[in-house]
Structure formats: structure tokens, C-alpha cells
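As a plain string of letters, each chain reads:
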Amino acid sequence: MPHRRCWIVALVLVTALCVGAVSILVTRHTLDGTGGTQHASASPADTSPAPWQASGTLLAVPGTTGPTGLTLAWTAPQVSWPIAGYRLQRDGHDIGESGQDHTAAQSALAAFRADPDNSAAYTTATRYVTVTGLAPLTTHSFSVEALDEHGQSHPFGKELTITTAAASSITDVLSMGATGDGTHDDTAAIQRAIDASPAGGTVLLPAGKTFLSGPLQLKSQLTLDVEGTLLGSTVATDYRSPDSAQPKPLISAGSDAEEVRDIRIIGGGTINGQGWKTVAQQQFAKGNDSTVVSTGLLAAAQDAYARSALNPSASKAYQWRSSLISVRHTTGLYVGGGLSLVNPSMHVLTVNDSHTVTLDGLTVDSYDTNNGDGIDFANSQGLDVLDSIFDTGDDSVDLNAGYGTEGEKEQPVSDVWVFDNYFRHGHAALALGSGTAAGISQVLAEDNVVNGSASGLRVKSSAGNGGGVHDIIFRNSALSDITEEQGEPFVVTGRYPQSQAASTANATDGPLFHDISVSGCTIDTTSGPGIAITGLASAPPTRINFSSLRFTHAKPAQISGLQNSSFTDVTSDLGAGFFAQLTDDSGLVFTRTPR
């Protein structure tokens, strides 16, 4: 399959055709032609496109083209001067500059920049904009210009022509018998609305209502528009699956027996899994298999049911918990548009064996639940994460490619773009592994703020997992208060604690880590090593390159078993002491870096 960013023409045609009958109700305030003057700070580091991206390409973010608007994003143009901002045109007329959508993520990023304590932090650029106010089935041309530090505009790339979607039918779940009072079980009524919706239709959960529900099954060419609250049932037996191996999620799509496509979960409302008790504002209880009975809601009910009805061990019973949303064998999934996903029993969103997934304008809140990953993206290709807030109990964006010799037979993870997001708590903003068997590659994370997490980039695996991680770029981001858990901004380890049985983690090669680049970041305050690398003697990480990094109030790096890698323009207020703890390394090159 050709790489997604290399066939923009095909993407535009697919967007126009596949979503032509799908209604996406964009509720965010966005560019409407009024223009603006706000500029981003000039970029101090590399802003060239990733090697697998076409330079300066304008594209419609997959899944966003609706009857009245769409979201546009663009890869970085190749220029020799600092870019201070971007200006958009529609049909030859200016419609304003990027960074003025007034979304939750943009507000969080603006608050971070306004804090005097962050005055020296890298200022992220904004390379997307959501356009509204269009009419259904109308064709428009869009172009983008880069702004230099003097405000002069410089066009780049080709114009993009898009036809908006047709207006579609809307099925209000109230018309199908849902009560929306938060106490009566509305599962059957919501599922009737889903089943009755025609191809390209929208199922609406209206604002001001709370819909109590058990598991729901989505189908192809459907938009689920949650403007009110979808509240997950806390009755464990509601989530029983036919084989009982794992409980059903609250929302599912696709299966090993059924491939689905073009599914959108959107709206200005909330999907609440009621997994754990609330212990403070914006914080849920952190439980485990011994405390879940007192800290959990659905988690406690599911643990108790699994122990009694399924009779597994205590640790296995505890794993019988539902994720909020799970999809398999799905092509074209969009989640966002102002939506909030909160308080899962297990993870927030899991994606397996799928293609073309977009998280856009999403707020994820699972802090401080046990597990509680934001998205687990496994054996899948094509993930865009933008304009979102993550506050999670575990990894925020986790990429996983399986374990051992069986995992090596599966599909790899590739073609991931994570940009313009705000990451709060979490074990890592971007985690790669620990499942690495089929390989993880072509990942670009840029222009993000990581504030209060345990790590910005965490590459992790273990002997026996196999495969590896390569062609990764993490750049142009601000990291602050990296003090949760181990508090290590950048981690590469081949000695991650093995969670798989020996019969599963049975690969004889790897994991191999190579060609990973970290550049253009500011890092302020860590509780652990500023850079933490632990290589396996049998598979040492190589070509792990760091450049244009500024550490303040950070602990010294701890690097072991690293080979043939470089550190260029890496500075710390510790001076040469930052690199005092290097062991069993070879072929390291330090350029304009105190050592």
C-alpha cells in the first residue's frame, strides 16, 4: 500500500466520496473569514517535513469533511528562514491565520504560554485550521501561506479542492424511545436508532440529556453525535461477551468477522464510563487488584463478577474490565469535534488491525485510573492526533505491535502524526511499545506541550518481544514539570519489565531501536534523568540522535549500552555534569554539547 501522505489526490477523492453522505456537526468556533493577526513564535529548530512526508502538502484531515466544513492540516514547507505563522485562503480570499479556533486544546496551550514560569519554553506552531460556514455539496479551493517574522506571506504547496458532503438524515434517540433521564436504561433505544440509521446517517444524543447505556455496536457509514452525556452502566453483567474472555466495551465497531468503515464519534458532549470513583476535581481514584473493591465503580463490579462467575485468579479477574471504545478491522474512524471521553474501567480507546484513524478536538480524562491509556493503537496504520487534551492514568498515545514470534506475523504500526496537543498527567505523552514484534516506524510527534507527565517520549520493549522501533521523530515541543512516576522526559529501554509469558515473548531477535531523532525541545524540571537510555547487549540502540535541546532543573542523563549516536547543541544548567553517567557506550559524538 502506498504511504498515506504520498497519495494526497487519492485521499481527497476518498474524502469527497466516502463522506459525501455523512453529516458531521462541528460545534467548535473556527475560521469563518474574519481573519486575524496572531503569530506563533519563530521556530528555533528543524521544521522540515519528515522523510516520509511530502513537503508543504495541504490536506483535509481524514473524517472531517462534513456538509458545512472541514479541518485542514499541512506538512511543514521546506524553507531556510524561521516560520512565524500560517495564513489560509479559501477561493482566493484570506480567511485568517491558524491558531484561532478557540478549542479546548488551544486554550490550554495559550494558558501554558501565558504562564511566566514558561516564558523560556518552546512556543509551538499550529498547522491546522477548522473551516465552517460552508454549504452542503459545494466545491472550494484552499491554499496556505507561511508567514515570516516580519509578517510577510510566502505561498507554498498546491491548492486543495474539496467538495463538502451532502446533508444527511438525523435520528434522534428520543424518537426511538430513549428517556435521557440518566436513570432508565436507554441501551435498547440507542441501539435501535443505530440499526435504523441509513448509510451516512447521524444518530443524535441531544444536549441537556443523560443517557444511561450498556454496550453499543456501531456500523459502517455512521456518525454518533453525542451532544448530551452517554453514561456507561455500572452493572457488570451488561458487558458479558459470548466467550467471556474479555468484557464488551461501552462502544464497539468491527470484529474479526466483520470489517467496517467510515465511523465518526463526535459532539460537544461527554462519554463517561463510570469506571472509578471521583476523589477530586478532574481526578478519579487510582485502584489496583487489591483496592478495586473500595475505589472502583464499574471496575469493582466487573472484578467481583469475574471472580465469582468466571472463577479466574484474582489478577486475571482484575483484567476483566471494559474499555470505553474499542474498534477492530475498521477503515476510517474519526473521534472528536469537541467530545470528552472520561473515566473508563480499563482504557479509553483501543484500535486494532485498522487504518486511517483521527483524533481531533478531543478531551481525554482518565487520570488517575489504573491502566487508563488514552489510545492504544495496535497493529494499525494511519493515525492523526491533533488539537486534543490528554490527562490519563497511563500512556496517553500508545503504539503497540505485539509480542514474540506470533506477533512478528501481524501488521506493523506506521504512519503516525501527533501534533498540536496538550498532555497533562500520564506515564508518557507518546509511548512506543512494549509490544514491538511487528515493528513500529514512521512516527512524527511535533509542536506538543507535555506538562506534568512522566515522560514525553518513551520507547520500551524487552528481550523476547522481537521486532523494534525505527524512523521516529519527536521535535519542537515544550516539556515541563516531568515529575510523575520516574520523571524521565526521553526514555529508550530494552529492559522494560516483561509482562508476557515466556511462551509469548519468545522472539530470538531484537528488539532493535534505531534512527530515532529528538530535537528542538525545551525541558524544564525533571525528577529523573533528563535522558534515560538502557540498551540490551544483544541489541544495542543505535543512531539515537539528540539536537537543539535545552534542559533546566533536570537530573543528569543516564545512558548505558548506546552506540553510534549523536548529541548536538544539547545544553543543561548542569553543564558537563549532565553527561556524567555514561556506561558501556561506543561511537557517541558530542557537538557543541558540554561534556
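Our subject is the structure listed above.
A quick note: this is a predicted structure, and the numbers were derived from the prediction, not measured.

### Side note on the environment of Tyr-403
So, step 1. Topologically, Tyr-403 is positioned in the loop between β29 (395-400) and α7 (404-407).
So, step 2. Residues Tyr-403 and Ala-501, 98 residues apart in the sequence, show an inter-C-alpha distance of 9.9 Å.
So, step 3. Those residues in contact with Tyr-403 that sit more than four places away from it in its chain are Ser-434, Gly-435, Ala-437, Asn-465, Gln-500 and Thr-504.

### As for the environment of Gln-319
So, step 1. Relative to the assigned elements, Gln-319 resides in the loop between α6 (314-318) and β20 (325-328).
So, step 2. Taking the C-alpha atoms as reference, Gln-319 lies 10.0 Å from Asn-288; in sequence the two are 31 residues apart.

### Let's talk about the nonpolar core
So, step 1. With 87 residues, the main nonpolar core has Leu-230, Ile-265, Ile-271, Leu-399, Phe-490, Ile-531 and Phe-546 as its most contacted residues.
So, step 2. In terms of residue count, the dominant contributor to this core is strand β39 (residues 512-526) (five residues).
So, step 3. Contacts of Leu-230, omitting those with residues within four sequence positions, involve Ile-190, Leu-205, Phe-211, Ser-213, Leu-216, Leu-250, Ile-251, Thr-270, Ile-271 and Asn-272.
So, step 4. Ranked by size, the runner-up nonpolar core spans 18 residues in total, among them Leu-72, Val-131, Val-144 and Ala-146.

### Some remarks on the sheet that holds β20
So, step 1. Strand order in the open sheet formed by twelve strands is β12-β15-β20-β23-β26-β29-β32-β35-β38-β40-β42-β44, with parallel pairing between adjacent strands. Pairing within the sheet leaves two strands with one partner each, and these edge strands are β12 (216-218) and β44 (581-583). Across the sheet, the axes of successive neighbouring strands diverge by a mean angle of 10 degrees, strand direction being ignored.

### Quick notes on unusual backbone geometry
So, step 1. Put simply, Tyr-367 and Asp-368 share a cis peptide bond, and its omega is 5 degrees.
So, step 2. Following Gly-510, the chain continues into Pro-511 via a peptide bond in cis, with omega recorded as 0 degrees.
So, step 3. Here Pro-511 lies in the loop between β38 (490-493) and β39.

### Details of the side chain of Ser-441
So, step 1. Here Ser-441 shows up in strand β33 (residues 440-446).
So, step 2. In contact with Ser-441, not counting residues within four places along its chain, are Val-413, Ser-414, Asp-415, His-470, Asp-471 and Ile-472.

### With respect to the pattern of salt bridges
So, step 1. For the coordinates displayed, the defined rule picks out 14 salt bridges.
So, step 2. Notably, a salt bridge pairs Arg-328 with Asp-353, separated by 3.5 Å at the nearest N-O pair. Within this pair, whereas Arg-328 is found in strand β20, its partner Asp-353 is found in the loop between β23 (349-352) and β24 (355-360), the two being separated by 25 residues in sequence.
So, step 3. Looking at Arg-328, the relative accessible area reads 30%, which means it is partly exposed.
So, step 4. Linking Arg-543 and Asp-515 is a salt bridge whose minimum nitrogen-to-oxygen distance equals 2.8 Å. Of this pair, Arg-543 sits in strand β41 (residues 542-552) while Asp-515 sits in strand β39, and the two are 28 residues apart along the sequence.
So, step 5. According to the relative accessible area criterion, Arg-543 is partly exposed, its value standing at 38%.
So, step 6. On the basis of relative accessible area, Asp-515 is assigned to the partly exposed category, the value being 28%.
So, step 7. Counted as one network, the salt bridges with shared partners bring together Arg-127, Glu-446, Asp-447 and Arg-475.

### What about the sheet that holds strand β2 (residues 70-74)?
So, step 1. Across the sheet, three strands lie side by side as β1-β2-β5; this open sheet has antiparallel pairing. With one partner strand each, in any of the chains shown, β1 (58-60) and β5 (128-131) form the two edges of the open sheet. Across the sheet, the mean angle from the axis of one strand to that of its neighbour is 25 degrees, orientation sign disregarded.
So, step 2. Bridging between β2 and β5 involves four bridges; their strand directions are antiparallel. Looking across to β5, one finds that Leu-72 is bridged to Val-129.

### Quick word on the side chain of Ser-572
So, step 1. Of note, Ser-572 is situated in strand β43 (residues 566-572).
So, step 2. A relative accessible area of 15% means that Ser-572 is categorised as buried.
So, step 3. A polar contact of 3.0 Å, which involves the side chain of Ser-572, links it to the backbone nitrogen of Leu-574.
So, step 4. Once you skip the residues sitting within four places of it in the chain, Ser-572 turns out to touch Phe-551 and Phe-578.

### Notes on the pairing of β20
So, step 1. Pairing geometry for strand β15 (residues 251-253) and β20, over three bridges, is parallel. Note that in β20 the partner of Ala-253 across the bridge is Val-327.
So, step 2. The pairing of β20 with β23 spans four bridges and is classified as parallel. Bridged to Ser-326 within β23 is Thr-350.

### Overview of the packing of aromatic side chains
So, step 1. The full count for this structure, using the stated rule, is 14 aromatic pairs.
So, step 2. Centre to centre, the rings of Tyr-305 and Trp-320 are 5.2 Å apart; their planes meet at 45 degrees, and the pair counts as tilted. Pair noted here: Tyr-305 is in helix α5 (residues 298-310) and Trp-320 is in the loop between α6 and β20, with a separation of 15 residues, a long-range link. Accessibility classification places Tyr-305 together with Trp-320 in one group, the buried group.
So, step 3. Ring geometry for Phe-546 against Phe-567: centres 5.3 Å apart, planes inclined by 5 degrees, an arrangement best described as stacked. Within this pair, whereas Phe-546 is found in strand β41, its partner Phe-567 is found in strand β43, the two being separated by 21 residues in sequence. Take Phe-546 and Phe-567: they sit in the same class, and that class is buried.
So, step 4. Here the aromatic cluster, defined as three or more aromatic residues joined through ring pairs, consists of Phe-474, Phe-490, Phe-546, Phe-551, Phe-567, Phe-578, Phe-579 and Phe-590.
So, step 5. The lysine or arginine in question, Arg-321, covers the ring of Tyr-318, its NZ or CZ lying 4.0 Å from the ring centre.

### Quick look at the environment of Asn-379
So, step 1. Summarising the element assignment, Asn-379 is placed in the loop between β26 (375-378) and β27 (381-386).
So, step 2. Overall, the relative accessible area of 11% leaves Asn-379 in the buried class.
So, step 3. Other than its neighbours up to four places away in sequence, Asn-379 contacts Asp-353, Ser-354, Asn-400, Ala-401, Gly-402, Glu-410, Gln-411, Pro-412, Val-413 and Ala-438.

Basis of the calculations
- Residues numbered from 1 in each chain as written.
- Predicted model: local features only at pLDDT ≥ 70, side-chain atom pairs only at ≥ 80, totals over all residues.
- Heavy atoms only, no water.
- Helix = DSSP H or I, 4+ residues; strand = E, 2+ residues; numbered from the N terminus.
- Contact = heavy atoms within 4.5 Å.
- Core = buried A, V, L, I, M, F, W, Y, C linked by side-chain atoms within 4.5 Å.
- Buried < 20%, exposed > 50% of the residue type's maximum accessible area, 1.4 Å probe, protein only.
- Pairing = 2+ DSSP bridges.
- Axes fitted to C-alpha atoms, helices over the stretch in contact; angles between N-to-C directions.
- Salt bridge = Lys/Arg side-chain N within 4 Å of Asp/Glu carboxyl O.
- Polar contact = N/O pair within 3.5 Å; in protein donor to acceptor, adjacent residues only side chain to side chain.
- Phe/Tyr/Trp six-rings, centres within 6.5 Å; stacked < 30°, edge-to-face > 60°.
- Lys NZ or Arg CZ within 6 Å of the ring centre and 35° of its normal.

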